[in-house]
Amino acid sequence: MNPIVIALIALGATGLLAAVLLYVVAQKFKVEEDPRIDLVQEVLPGANCGGCGFAGCRALAEACCKADTLEGLLCPVGGQETMAKVGDILGLAPVASEPMVAVVRCNGTCQARARNSEYDGTRSCKIVNSLYVGETACPFGCLGCGDCVAACQFGAISINPETGLPEVDDDKCTSCGACVKACPRHIIELRKKGPKNRRIFVSCVNKDKGAIARKACLNACIGCGKCEKECKFDAIHVENNVAYIDFTKCRMCRKCVAACPTGAIHELNFPPKPAPKPQETEAQPAAAQPQPADPKPQTVVAPQPAAEAQPAAQPVTPATESAAESQQAVTPQPQTETKTDNVNTED
Amino acid sequence: MNTFSIGGVHPQDNKQYSAHKKIVEVPLPQKAIVPLSQHIGAPAKPIVAKGDKVLVGQLIAEAGGFVSANIHSPVSGTVTKVDTTLDAWGMRVPAIFIDVEGDDWISEADRTPAVNRICKLEPQQIIEKVKNAGIVGLGGACFPTHVKLMPPPGKKAEVLIVNGVECEPYLTCDHQLMLEHGEEIVVGIQILMKALGIARAVIGIEKNKPDAIENMRKLAAHTLGVSVQPLDLKYPQGGEKQLIDACIGRQVPSGALPIEVGAVVDNVATIYAVYQAVQKNIPLVSRVVTVTGKEVARPGNYLVRFGTPVADIIDFAGGVPENTGKIVGGGPMMGRAMSRLDMPANKRVSGLLLIPESEARRTDPANCIRCAKCVGACPMGLEPYLLSKLASLSRWDEMEKHNVMDCIDCGCCQFTCPSYRPLLDYIRMGKAEVGGLIRARAAKK
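Nothing here was measured: the structure is a model prediction, and the numbers come from that model.

The rules behind the values
- Residues numbered from 1 in each chain as written.
- Chains lettered and ligands numbered in written order.
- Predicted model: local features only at pLDDT ≥ 70, side-chain atom pairs only at ≥ 80, totals over all residues.
- Helix = DSSP H or I, 4+ residues; strand = E, 2+ residues; numbered from the N terminus.
- Buried ≥ 20, exposed ≤ 12 C-beta atoms within 10 Å, placed from the backbone.
- Contact = placed C-beta atoms within 7 Å.
- Domains from an automatic or database assignment.
- Nonpolar A, V, L, I, M, F, W, Y, C, P; charged D, E, K, R; others polar.
- Axes fitted to C-alpha atoms, helices over the stretch in contact; angles between N-to-C directions.
- Parallel < 35°, antiparallel > 145°, perpendicular 65-115°, else oblique.
- Left-handed = near helix turned anticlockwise from the far one by under 90°.
- Pairing = 2+ DSSP bridges.
- Expected span 1.5 Å × (residues − 1).

For chain A, the helix and strand inventory stands at 13 helices and ten strands. For chain A, the residues scored as buried account for 41% of the 347 residues in total. A separation threshold of at least 6 residues defines the contact pool for chain A, and within that pool the share at least 24 residues apart is 64%.

This is how it looks when you write it as structure tokens:
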């Protein structure tokens, strides 16, 4: 016989045998998988950010298919819309959930916090935090190296060069929580997005006593408790010298914003106050310079930019309550650069 | 000549500025601030209150656990408050504030310069005295010395290794101590040998200190079992594991303590403190600090009471030169830049290095060129390029597998990197994270 024919037959026979073997093995050790997992995974965004608390989109899809209800299962990136689609596939009713957004709770702008040292090591918040207090005197505030920016997969967070603080883009933020985990100082928090993106929060996490906190940063929460007294809904509590607004109880009356002597409470996306007080026009330019000797106790809140996340770029005039403190407080040094101590960090 | 077997670098030693400068006492401060955490381990617990009168050497804070150390008042006066202060890096630490009045010592302290050679105490009594005196390793790590003197059951110390290497550039405090107080150090070595029940001690000194080698040789000549081992120059020879390798040729396994190979390592400054505590009843209230730098007016070795503000010490040495860019606590390799100068001197501060602005800045890092110089330089046999990359990617499990916990923070990798990559920054951060994970795992068990 022709050797070529022999080779062909031998090869064909081996191939057939292998095919049969493979088929048998495949049937024997077949892994039964819910076909719906693939369908669910398809409607999930595929960012694999881990914001849902699972290892990735596939893991969430598996969990959804196993669960009896969709309670506690939420894709923060896709939100309600995606969960409704998942519910359709699985025949489960979607559970209503509040949309959330990342909020940066530090308003220690370059003006408010004088730099007293210069860091020339690796630009990483985590490393700076493990080394020392940071370039300013506040041991709780934002370090400004942008670990949160690097952690965000959606480009929703960026450092404002003017304030040196991160700002969150409400529309892009998917509340996956990556920035919350990345921040070594636990400044970023996921809060209720609120009606029309309106939010009120204490933009400070400084747990030092009032006088110390104020020395480190003009915009710090001093834990005076005025907001706590002002709040009729029991939403604000001062603990460890810092106020916290419970967003589940807050009714957005904005009384606390006006009561805060340091401007640490921020309101976002509210329309400007309807009737401006007569002093306001005067107080605006005065904010950047030392106050006149004897201002009457007054409360002026600089109107917030309508859509942007962090209003901290504009100086907020603190209400002058105790004369001595206010005198010190309303004298911000705009030229913080020149005051920089020549002591550096990191060898 | 001996040295350790793997890795190491040769930084310029720059010891000429302060070498052979006699130890000078820095005047007492007006107000002393004594931090309660001057050692590795739990902070000490204060036992004095506002208004109490204290004497120099009086116990003011008790050790807060087994791995902790007593703290004694470095000055005499009135306690004004027990509060918090800021450390060199701006972090709040508990401290005792004392207004200084005169310089009255506790009655049992013997402050005469005569050397007391005879020690009749039992080993247990010696360890007790060392513990009560609050002695910690003055080489930099501040590990409580009494813990080292009590080997865990089943382990036996065989040799005491005395660290007179001072491999850190610029620092000269140990060198000067060996020249001026060599006799006391030899007595201290004998005391520790007695406490450990061993017959052999090796004093390791690098050969850039020939006068110290000669002095110690002369003094130890008639002491049985004590020998001086001159060592080749190489950083980080003063590292515990490197020094054991260099002096007696034994390698401490990964993750183990020196006692595993029968060695106990103590710095000469620690041994001098042991002598003071055991023979003179003087607890650890002061240490020699090198103040140095290229532009410092009076660089030298200064005897500093703990609690003296760093700014006062620098003023005594001629003040901060105008063009200073960085003030480092410790040496240039392992020390850390300070962000404030009102912090008090403590057991940790072995040197104050004032670096001129022109040398203070880091060079911008470039890409890794895979030259593996860092691998060759690492004295612990690690792969720094890999560890730093893993740390920047937060891959802690892999870092642990690659033995990141063996890293001794010596900085050889970063020193040797031709691309000026911040290798140690990342490794240190990763080490802290991995350490936290290991502790969490141990707590779960």
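It is worth spelling out the domain arrangement of chain B at this point. All names here are of chain B. As assigned here, chain B comprises domain 1 (27–100), domain 2 (112–280), domain 3 (286–360) and domain 4 (373–444). Using only C-alpha atoms to locate each centre, domain 1 and domain 2 end up separated by 27 Å. On the domain 2 side, the residues contacting the eleven residues of domain 1 number eight residues. Residues belonging to the side of domain 1 that touches domain 2 are distributed by class as follows: five nonpolar, six polar and no charged.

Residue and element names in this part refer to chain B. It is the contact of helix α11 (residues 384–392) with helix α14 (residues 423–444), at a shortest axis distance of 8 Å, that shows an interaxial angle of 60°. Between α11 and α14, the crossing angle belongs to the class labelled oblique. Of the two elements, α11 crosses α14, and the hand of that crossing is left-handed. Contacts between α11 and α14 pair P384, Y385, L387, S388, L390, A391 and S392 from the former with L423, Y426, I427, M429 and G430 from the latter. Looking at the contact of α11 with α14, its residues break down into nine nonpolar, three polar and no charged.

What follows is about the sheet that holds strand β9 (residues 159–163) of chain B. Strand pairing in a sheet takes place through backbone hydrogen bonds and is either antiparallel or parallel in direction. Residues and elements named next belong to chain B. Taken in spatial order, the four strands of this open sheet run β11-β10-β9-β12, and their pairing is parallel. Bordering the open sheet on either side are β11 (226–231) and β12 (263–267), each of which pairs with just one other strand. In this sheet, adjacent strand axes meet at a mean angle of 25° when their direction is disregarded. Sheet strands touched by helix α5 (residues 210–220): β10 (200–206) and β11. Its angle to β11, the strand with the most contacts, is close to 165°.

So, on to unusual backbone geometry. At the junction of Y235 of chain B and P236 of chain B, the peptide bond is cis and its omega measures out at 0° in the coordinates. Although it is not a glycine, K196 of chain A adopts a positive phi angle of roughly 55°. By the secondary structure assignment, K196 of chain A is in the loop between β5 (188–192) and β6 (199–202). Positive phi values are uncommon outside glycine, yet R254 of chain A reaches one of about 70°. With 17 C-beta atoms counted inside 10 Å, the residue R254 of chain A sits in the partly exposed group.

The subject of this paragraph is helix α7 (residues 268–280) of chain B. Residue and element names in this part refer to chain B. Along its 13 residues, α7 runs 17 Å from first to last C-alpha, staying within 8% of the 18 Å computed at 1.5 Å per residue. Buried residues dominate α7, accounting for twelve of its 13 residues. Positive backbone phi, at 60°, marks N281, one or two positions downstream of α7.

The next thing to look at is the interface of chain A and chain B. Contacts between chain A and chain B engage 18 residues on the former and 23 residues on the latter. Counting only elements with at least two residues in the side of chain A that touches chain B, the list comes to α5 (125–131) and β10 (344–345) of chain A. Looking at which element gives the most residues to the side of chain A that touches chain B, the answer is α5 of chain A, with four residues. Among the residues forming the side of chain A that touches chain B, the class breakdown is seven nonpolar, seven polar and four charged.

Here the focus is the environment of L60 of chain A. Residues and elements named next belong to chain A. Structurally, L60 can be placed in helix α3 (residues 57–66). By C-beta crowding, L60 is classed as buried, having 24 other C-beta atoms within 10 Å. Placed 19 residues apart in sequence, L60 and Q41 show a C-alpha to C-alpha distance of 8.1 Å. Not counting residues within four places of it along the chain, the set of residues in contact with L60 comprises L44, C52, F54, L73 and C75.

Between its first and last C-alpha atoms helix α1 (residues 3–28) of chain A spans 37 Å; for 26 residues at 1.5 Å apiece the expected length is 38 Å, and the two agree. Little of α1 of chain A is tucked away: zero of the 26 residues are buried.

Let us now look at the sheet that holds strand β3 (residues 45–46) of chain B. Ordered by their spatial adjacency, three strands build an open sheet running β3-β5-β6 (chain B), and the pairing between neighbours is antiparallel. In this open sheet, the two strands that pair with only one neighbour each are β3 and β6 (71–72) of chain B.

What follows concerns the domain arrangement of chain A. Many analyses report the size of an interface as the accessible area lost when the parts associate. All names here are of chain A. Taken domain by domain, chain A consists of domain 1 (37–90) and domain 2 (100–270 + 299–331). With five residues of domain 1 in contact, the opposing surface of domain 2 contributes seven residues. For the side of domain 1 that touches domain 2, the per-class residue count stands at four nonpolar, one polar and no charged.

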